[in-house]
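The residues making up each chain are set out below.
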Amino acid sequence: MQTIESNRELRQIIVNARKEGKRIGFVPTMGFLHEGHLSLMRRARQENDVVVVSIFVNPTQFGPNEDLDAYPRDTERDCKMMSEESVDIAYLPTVETIYPEGFTTYVQVEGPMTQVLCGRSRPTHFRGVTTVVAKLFNLVQPHRAYFGQKDAQQAAIIQQMVRDLNFDLSVVVCPIHREPDGLAMSSRNTYLTAEQRAAATVLYQSLCNSKAIINDGERDAASIKKQIQEQILTVPGAVIDYVAIVDARGLQDVDSLSGLTLIALAVKFGNTRLLDNIQINV
Ligand code: AMP
């Protein structure tokens, strides 16, 4: 595995790989890798000749009072894990490389899609995500880019950006990788105390229960939402940011379930905000 910091070096490798007709798979991450990230790398490894993984804790996607400085980092461990997954190139740019002095251009998906769900409590978040992902796409020039369904809104917004800006690549959305007790894996799970960690299993349980009642015939979004909220509030310390039932593509609220539907939630335990979701084809 080659570890690269400079854009020039990266560009050279990409130009050569493309000249040789190699297919490039790309997995953008913020590091502090876990099995969820590795599942994306394994998929990329299966489907491409060259696998590039970036690790960049992107400052523009954090709000002023969010956890940018506290975000967990362990590059040495990450490099060992990537190497064990046969990643070809670990791209580890500095903040100055991505946002040099004088940087003023941002990429923003407009409209309701970025204003709902996480966009409500994190109004500048997706602008930071689309800006850095657009830059990374230009630098890495992948044929396929891999994202997790865990960040369902992010994946939908990136697909929108790729369509709107004619990026010549396929976005591959991979399933949520979970702990044995169902908690969706996340770098932020390390923030949880033992008590919060135990309580957090309610998120996936509530989603599974909602699936069961939908399978029994329930279609009313308000009543499904209410059941999820009530179950989450039975555990100590859970503060709901949102529970939403939306159409999976446009992410707009639905009153009655039909077609591909996303049930998504964000819940805080202390300062730690956790996401989870399920998709159901009704
Ligand atoms: P992050 O480092 O949190 O920005 O995540 C990098 C990529 O890994 C994103 O596309 C995430 O959606 C994806 N990811 C994070 N957690 C998981 C998970 N538990 N299962 C699958 N993909 C994940």
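On a predicted model such as this, the values are computed, not experimentally measured, just so you know.

Where do I start with the overall build of the protein in this structure?
A count of helical and extended segments in the protein gives 10 helices and nine strands. The C-alpha radius of gyration computed for the protein amounts to 19 Å, which stays within 12% of the reference 19 Å derived for 282 residues, consistent with globular compactness. Dimensions of the protein, computed from the C-alpha atoms along their principal axes, are close to 55 × 40 × 40 Å. In the protein, which comprises 282 residues, the share counted as buried stands at 52%. Carbon and sulfur atoms make up 46% of the accessible area of the protein, which totals about 13,400 Å².

What am I meant to see in the packing of helix 1 (residues 7–19) against helix 6 (residues 125–140) here?
Each packed pair of helices is defined by two parameters, the angle between the axes and the distance between the axes. Following both chains from N to C, one finds helix 1 and helix 6 inclined at 55°, their axes separated by 8 Å at the closest point. Taken together, the axes of helix 1 and helix 6 are oblique relative to one another. Residues Asn7, Leu10, Arg11 and Ile14 of helix 1 form the contact with helix 6, whose participating residues are Asn138, Leu139 and Val140. For the contact of helix 1 with helix 6, the residue count by class is four nonpolar, two polar and one charged.

Looking at this structure, I do not really get the sheet that holds strand 3 (residues 50–55). What am I missing?
Strand pairs in the sheet, formed through backbone hydrogen bonds, run parallel or antiparallel to each other. An order of 1-4-3-2-5-6 is seen for the six strands of this open sheet, with the pairing classed as parallel. The two strands at the open ends of the sheet, each matched to only one other strand, are strand 1 (2–4) and strand 6 (170–174). Ignoring strand direction, the axes of neighbouring strands in this sheet form an average angle of 25°. Looking at chain direction, strand 3 and strand 4 (residues 89–91) are connected through three bridges and run parallel. Directly across from Ser54, in strand 4, lies its bridge partner Tyr91.

I keep staring at the site of the ligand and nothing clicks. Help me out?
Within the structure, the ligand sits among 17 residues, and Met30, His37, Asp151, His177 and Met185 are positioned closest to it. Met185 is positioned with one of its backbone polar atoms (N or O) 2.9 Å from a nitrogen atom of the ligand. In the complex, the protein chains occlude 93% of the 490 Å² of accessible area that the ligand would expose alone. If you tally residues by element for the shell around the ligand, the top one is helix 2 (residues 35–47), at three residues. Its residues placed into classes, the shell around the ligand shows eight nonpolar, seven polar and two charged.

Honestly, the pairing of strand 6 in this entry has me stumped. Any pointers?
On a regular strand, one side chain projects to one face of the sheet and the next to the other, so that they alternate. Pairing of strand 5 (residues 144–148) with strand 6, which is carried by five bridges, proceeds in the parallel orientation. Opposite Ala145, over in strand 6, you have Val171 as the bridge partner. Taken together, strand 5, helix 7 (residues 152–164) and strand 6 constitute a β-α-β crossover, and its handedness is right-handed.

What counts as what
- Residues numbered from 1 in each chain as written.
- Predicted model: local features only at pLDDT ≥ 70, side-chain atom pairs only at ≥ 80, totals over all residues.
- Heavy atoms only, no water.
- Helix = DSSP H or I, 4+ residues; strand = E, 2+ residues; numbered from the N terminus.
- Rg over C-alpha atoms; globule rule 2.2 N^0.38 Å.
- Buried < 20%, exposed > 50% of the residue type's maximum accessible area, 1.4 Å probe, protein only.
- Areas by Shrake-Rupley, 256 points an atom, 1.4 Å probe, with all protein chains shown as cover.
- Axes fitted to C-alpha atoms, helices over the stretch in contact; angles between N-to-C directions.
- Parallel < 35°, antiparallel > 145°, perpendicular 65-115°, else oblique.
- Contact = heavy atoms within 4.5 Å.
- Nonpolar A, V, L, I, M, F, W, Y, C, P; charged D, E, K, R; others polar.
- Pairing = 2+ DSSP bridges.
- Near = heavy atom within 4 Å.
- Polar contact = N/O pair within 3.5 Å; in protein donor to acceptor, adjacent residues only side chain to side chain.
- Right-handed = clockwise from strand over helix to strand, strands pointing away.

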